[in-house]
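Here is how the chains run, residue by residue.
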There are 4 protein chains.
Amino acid sequence: MVTYPKDWKQKLNQIINGIDTPLGRAFDIALIGSISISCFLIIIDSVAPIHVVMGTVISLLLNFFLLIFTLEYVLRLIVTPKKRDYLLSFYGIVDFIAIAPIYLSFFVSFGSFLPIVRILRLFRLFSVFKMGRYVDESGALLKALRASKTKISVFLFTLLFIVIIVGALMYIIEGPEHGFVSIPESMYWAIVTISTVGYGDISPQTEMGKFLASALMLVGYGIIAVPTGIITSELSNASNKKEPLTDQKCPICGNSKHAKDSQYCNQCGKKLT
Amino acid sequence: MVTYPKDWKQKLNQIINGIDTPLGRAFDIALIGSISISCFLIIIDSVAPIHVVMGTVISLLLNFFLLIFTLEYVLRLIVTPKKRDYLLSFYGIVDFIAIAPIYLSFFVSFGSFLPIVRILRLFRLFSVFKMGRYVDESGALLKALRASKTKISVFLFTLLFIVIIVGALMYIIEGPEHGFVSIPESMYWAIVTISTVGYGDISPQTEMGKFLASALMLVGYGIIAVPTGIITSELSNASNKKEPLTDQKCPICGNSKHAKDSQYCNQCGKKLT
Amino acid sequence: MVTYPKDWKQKLNQIINGIDTPLGRAFDIALIGSISISCFLIIIDSVAPIHVVMGTVISLLLNFFLLIFTLEYVLRLIVTPKKRDYLLSFYGIVDFIAIAPIYLSFFVSFGSFLPIVRILRLFRLFSVFKMGRYVDESGALLKALRASKTKISVFLFTLLFIVIIVGALMYIIEGPEHGFVSIPESMYWAIVTISTVGYGDISPQTEMGKFLASALMLVGYGIIAVPTGIITSELSNASNKKEPLTDQKCPICGNSKHAKDSQYCNQCGKKLT
Amino acid sequence: MVTYPKDWKQKLNQIINGIDTPLGRAFDIALIGSISISCFLIIIDSVAPIHVVMGTVISLLLNFFLLIFTLEYVLRLIVTPKKRDYLLSFYGIVDFIAIAPIYLSFFVSFGSFLPIVRILRLFRLFSVFKMGRYVDESGALLKALRASKTKISVFLFTLLFIVIIVGALMYIIEGPEHGFVSIPESMYWAIVTISTVGYGDISPQTEMGKFLASALMLVGYGIIAVPTGIITSELSNASNKKEPLTDQKCPICGNSKHAKDSQYCNQCGKKLT
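The structure displayed is predicted, hence computed values, not measured ones. (Residues numbered from 1 in each chain as written. Chains lettered and ligands numbered in written order. Predicted model: local features only at pLDDT ≥ 70, side-chain atom pairs only at ≥ 80, totals over all residues. Heavy atoms only, no water.)

### Thoughts on the overall build of chain A
- Broken down by element type, chain A carries 11 helices and zero strands.
- Scanning chain A from its N terminus toward the C terminus, one meets helices and strands in the order α-α-α-α-α-α-α-α-α-α-α.
- Considering chain A as a whole, with its 273 residues, one finds that 48% of them fall into the buried category.
- A fraction of 51% describes how many contacts in chain A between residues 6 or more apart in sequence connect residues 24 or more apart.
- Just so you have it, chain A exposes about 13,700 Å², and 73% of that area is on carbon and sulfur atoms. (Helix = DSSP H or I, 4+ residues; strand = E, 2+ residues; numbered from the N terminus. Buried < 20%, exposed > 50% of the residue type's maximum accessible area, 1.4 Å probe, protein only. Contact = heavy atoms within 4.5 Å. Areas by Shrake-Rupley, 256 points an atom, 1.4 Å probe, with all protein chains shown as cover.)

### Comments concerning the packing of helix H2 (residues 22-45) of chain A against helix H3 (residues 48-79) of chain A
All names here are of chain A.
- The N-to-C vectors of H2 and H3 enclose an angle of 145°; their axes lie 9 Å apart at closest approach. The way H2 lies across H3 gives a crossing that is left-handed. The residues of H3 that touch H2, namely those facing Phe 27, Leu 31, Ser 34, Ile 35, Ile 37, Ser 38, Leu 41, Ile 42, Ile 44 and Asp 45, are Ile 50, His 51, Gly 55, Ile 58, Leu 61, Leu 62, Phe 65, Ile 68, Phe 69, Glu 72 and Arg 76.
- Grouping the constituent residues of the contact of H2 with H3 by class yields 14 nonpolar, four polar and three charged. (Axes fitted to C-alpha atoms, helices over the stretch in contact; angles between N-to-C directions. Left-handed = near helix turned anticlockwise from the far one by under 90°. Nonpolar A, V, L, I, M, F, W, Y, C, P; charged D, E, K, R; others polar.)

### Describing the packing of aromatic side chains
- Overall, the coordinates contain 40 aromatic pairs over all chains when judged by the stated rule.
- A ring pair is formed by Phe 90 of chain D and Phe 129 of chain D, whose centres lie 6.4 Å apart and whose planes are at 85°; its orientation type is edge-to-face. Separated by 39 residues along the polypeptide, Phe 90 of chain D in helix H5 (residues 90-97) and Phe 129 of chain D in the loop between helix H7 (114-122) and helix H8 (140-147) bring together distant segments of the chain.
- Taken together, the aromatic side chains of Phe 90, Tyr 91, Phe 123, Phe 126 and Phe 129 of chain A together with Phe 157 and Phe 161 of chain B make up a single cluster linked through ring pairs. (Phe/Tyr/Trp six-rings, centres within 6.5 Å; stacked < 30°, edge-to-face > 60°.)

### Points about the pattern of salt bridges
- Counted by the stated rule, this structure contains 20 salt bridges over all chains.
- Here Glu 72 of chain A and Arg 76 of chain A are joined by a salt bridge, their closest N and O atoms 2.7 Å apart. With Glu 72 of chain A and Arg 76 of chain A both in helix H3 and four residues apart, this pair spans about one turn of that helix.
- A salt bridge links Arg 76 of chain D to Asp 95 of chain D, with the nearest nitrogen and oxygen atoms 3.9 Å apart. On the criterion of sequence distance, the pair formed by Arg 76 of chain D in helix H3 (residues 48-79) and Asp 95 of chain D in helix H5 is long-range, its members being 19 residues apart.
- Each of Glu 72, Arg 76, Asp 95 and Lys 130 of chain A takes part in salt bridges that share partners, so that together they form one network. (Salt bridge = Lys/Arg side-chain N within 4 Å of Asp/Glu carboxyl O.)

### Topic: the domain arrangement of chain A
- The domain boundaries assigned to chain A delineate domain 1 (8-134), domain 2 (140-240) and domain 3 (243-273).
- A straight line from the C-alpha centre of domain 1 of chain A to that of domain 2 of chain A covers 38 Å. (Domains from an automatic or database assignment.)

### Looking at the side chain of Thr 196 of chain D
- Tracing the backbone through its elements, the reader meets Thr 196 of chain D in the loop between helix H10 (183-194) and helix H11 (207-240).
- Exposure remark for Thr 196 of chain D: the relative accessible area of 6% places this residue in the buried category.
- Leave out the neighbours within four places in its chain, and Thr 196 of chain D touches Thr 196 of chain A, Thr 196 of chain B, Ser 195, Thr 196 and Val 197 of chain C together with Ile 224 of chain D.

### Section: the nonpolar core
- Ranked by size, the top nonpolar core spans 235 residues in total, and within it Trp 189 of chain A, Ile 183 and Trp 189 of chain B, Trp 189 of chain C together with Ile 183 and Trp 189 of chain D carry the most contacts.
- With near-sequence residues (within four places) excluded, Ile 183 of chain D lies in contact with Ile 42, Ile 43, Ser 46, Leu 122 and Leu 125 of chain C together with Ala 168 and Tyr 171 of chain D. (Core = buried A, V, L, I, M, F, W, Y, C linked by side-chain atoms within 4.5 Å.)

### Looking at the environment of Ile 152 of chain C
Residue and element names in this part refer to chain C.
- Considering the arrangement of structural elements, one finds Ile 152 in helix H9 (residues 149-173).
- Overall, Ile 152 belongs to the partly exposed group, its relative accessible area being 24%.
- Taking the C-alpha atoms as reference points, Ile 152 and Leu 67, 85 residues apart in sequence, are found 42 Å from one another.

### Some words on helix H10 (residues 183-194) of chain B
- Over its 12 residues, H10 of chain B extends 16 Å from the first C-alpha to the last, a length consistent with the 16 Å expected when each residue adds 1.5 Å.
- With its phi angle positive at about 60°, Thr 196 of chain B sits one or two positions after the end of H10 of chain B. (Expected span 1.5 Å × (residues − 1).)

### Some thoughts on a nonpolar patch on the surface
All names here are of chain A.
- Together, Val 52, Val 53, Met 54, Val 57 and Leu 61 line one region of the surface with nonpolar side chains, adding up to about 470 Å² of accessible area.
- Among the structural elements, Leu 61 can be located in helix H3.
- Taking relative accessible area as the criterion, Leu 61 reaches 36% and is therefore assigned partly exposed. (Patch = residues over 30% accessible without salt bridge, like charges linked within 9 Å, V, L, I, M, F, W, Y side chains within 5 Å.)

### Topic: the environment of Leu 12 of chain D
All names here are of chain D.
- For Leu 12, the location among the structural elements is in helix H1 (residues 3-17).
- Given a relative accessible area of 17%, Leu 12 falls into the buried group.
- A sequence separation of 15 residues divides Leu 12 from Phe 27, and the C-alpha atoms of the two residues are 11 Å apart.

### Regarding the environment of Leu 31 of chain C
All names here are of chain C.
- Considering the arrangement of structural elements, one finds Leu 31 in helix H2 (residues 22-45).
- We classify Leu 31 as buried; its relative accessible area is 3%.
- As a C-alpha pair, Leu 31 and Ile 16 span 15 residues in sequence and 9.8 Å in three-dimensional space.
- Not counting residues up to four positions away in its chain, the partners in contact with Leu 31 are Phe 69, Glu 72, Arg 76 and Tyr 134.

### Looking at the side chain of Arg 76 of chain C
Residues and elements named next belong to chain C.
- We classify Arg 76 as buried; its relative accessible area is 4%.
- Side-chain polar atoms of Arg 76 contact the side chain of Asn 17, separated by 3.1 Å.
- When residues no more than four places from it in sequence are discounted, the contact partners of Arg 76 are Ile 16, Asn 17, Phe 27, Leu 31, Tyr 86, Asp 95, Arg 133 and Tyr 134. (Polar contact = N/O pair within 3.5 Å; in protein donor to acceptor, adjacent residues only side chain to side chain.)

### What to know about the confidence of the model for chain A
Residue and element names in this part refer to chain A.
- Chain-level pLDDT for chain A is 80 on average; 79% of the residues reach the 70-or-more range.
- Within chain A, no element has a lower average pLDDT than helix H8 (residues 140-147), which sits at 69, and none a higher one than helix H10 (residues 183-194), at 92.
- Note that residues 242-246 has pLDDT below 50 and, in this model, 10 contacts with residues that lie over four places away or in other chains. (pLDDT = per-residue confidence, 0-100.)

Shown next, in the form of structure tokens:
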């Protein structure tokens, strides 16, 4: 039976990459579950008191999920015809980064470089990117964003422009003694302000500084309005285009304002081709 | 007179659930008034100085409203044909929770578990949910929200995704010494930042942290834009649909998807009246 | 000459209330100028160092403008046929409040109740309301707002509802020791948070508090989106309605999709009535 | 060869102001590069540690770019037929300010007025304005902004109005002891609040102050909504106008305002081709 292994691979491929077989669906659900749980564990494990009490249990569970993800990686590698393409694909790299550093950390931990280990372990969170496989890329939002690429880039350029100028001005006006220790720092403040976040860790002290800040906030209105406006108009265009009129002309009255699935002209009753 | 009690129940039902009789309207207004006043009293009673001066008067008034709500609950129970359905309905539970804990608190208070009593008493605020009965659910806003369920869930998933990644990164970059004591804490900071609230109780101290924060704020623009865009486009669609396809049914094929000014059915070519 | 005074009054009326005569326009510009300058003076006069240096000059100038506004008030009273209506009209009251308290302050100042005097003097700022006369009320914005009155009220009700519930919950969860000293105080915090202002003067300290706060911020997105959505859709409707199609039907082909000023049916060429 | 220099000037002009020749494009790219790098250098040079380590290298590089910009200025001056117009044009002034102060600083630095020198040097950042040459002014955003000039001015007036009134009220309610030291200061706070920035450096302490602040925040919603609404509706109109009335002129009456699918001129009834 020469075709046996091939056939067996196909079955496996169907389970791993397909979603139309019960087993395939089960696999996906299991994977999503594992990702969610392991991410949740990593997050709560970072809370000191929780780590103290159940750190060992969590690390055991995480190692279990590590095995699962490793197995998944191996299987994906087996079933994919073009190994190289998978290895260098976005998800191929994600799958790798989600497991490799942890194995590395085991060796490093012998040398007990703890801070490095801590960071290497956090690479586990990369598994969250695997989720991307299950979010459809063809969403209206993405379309809207793509459609207005140029507008958005002009917007970001303008923003950077304002931030540089205002940052430099505030650096001169307020100066280091009021927390504006450098232009990058002032630019950070400008972004914090124009995005209306306003931590208040740095804030203008002088009259002129406050005046300039006020102006910046008013500009901020317009700035905030722009991306909203872009995305909104794109979205409404998208949703309008859902029910377009056919552009087939009626041979008799020449009217072309027909609902999408018209069989007859709604002006003169002529059969449409 | 066998039908007497039934008839009497119907009258009562008309008053309690109906709004087309003068008495029914009066009942509703009285109830809304009672809810508003009792909520107002509970709120101001939590202000220490006010509690000291007129706490006793307020609690007397609240007990009076308690009686009213109890009476209302009993009456609703009497007039409803299907008792069980009402008891387990949303408003049935609201009506219950708005009164039961207070009665419970009376007994507890004998044992004087004051903190528990305090909380039990606050359950009175639940009466505010009764208001829901008088807000029409068929508002354009709710429709808009429902219409874009999927978009909103994709939006929330993306948000969670960003918050996890940024939270983990800031936890590594800034670390506990700058207030990012754990990933959940960092995620809290990320939400505070991306929603442009920016309390400033936690804020990045390192250059890299500030740079990442700035990037997050810029992303925040897009993030804020999305729900606005969704709801706006839904709302404008809704208001556009005010002048939709005519709803005149074609006598032949029953099709009713005709352009506004259709003279003939676009499915079977029948002249429309 | 019996008609003389009447005629003279008419002329004056034309100057004061009209804008189509050169004198009338001059009067308006002079008035707007006086209002702007006097407001500016009052504002800067509140700055201690400025007050010290040029307080006397400013108060002299303000008294000069006081005379102007008094004169204006008297003239308006003279030229208006229905005195009573003017006195009780919005602008009649504004004009009065903008001058009366200052005169009052002169007497009070003899008894030197300085804080009261200070406040009375600030009533001068009321003159800014006079500006309203020169802003056209028929703006698209106002229309948009009026058109969506009900939506906005539902929005505000929902907001109040959320603020009460969250306020009460935070009052229980965080309690006075973390700054949530009363339900009104918690409600204030909730508004500061949901409006994404986020002063940070009060902020949650407990895990649960932070979790609830995060939830509130996410809800805040939707909440912010709603008024924007309402106003935006209203505005775009308004601007769409600028070039509506006539609804006159063509007697021949029944088509009614005609540009506003159509003389002939654009489907069959029939002359339209 | 009389025409030689002229011809040579034209070639140069093509390189400097044209973009359709390879050299012209190269020139533009080189210039954009120089601007970006020199701006980047100025920004990082303001960071103390960086300045200490590589301040000299940076200043050398900046002087090199200074020469380039000077050369550019001279060349532009040479190739422009109407020298005067260029000198007084926006970009003429920008090009000048981006170089002149630095030369001035050299002389001043002999007298070592360092603070002044520091500021003069920062004028280099003006070169960023040169970028404007490469951003197309005919963007949809700018159109949208221009189209709604009046609306925006009404919006700003209303904003100023609210800020003055609220500022004055808070000045009276909270007073200097709570940080509202003057009306301008209160106005600054009002802008910080209504723009939802909310630094928290100044925040209301009294009950009444907090109540007024809450009201202001709710108004802030509407205020934020307005510019968004304006720009959004303008943008969607812009994108709707992509499929406008046909621009085919009627051969008889020259009218070109026809609905998309017109067969006959709606002014004179002539059949359209």
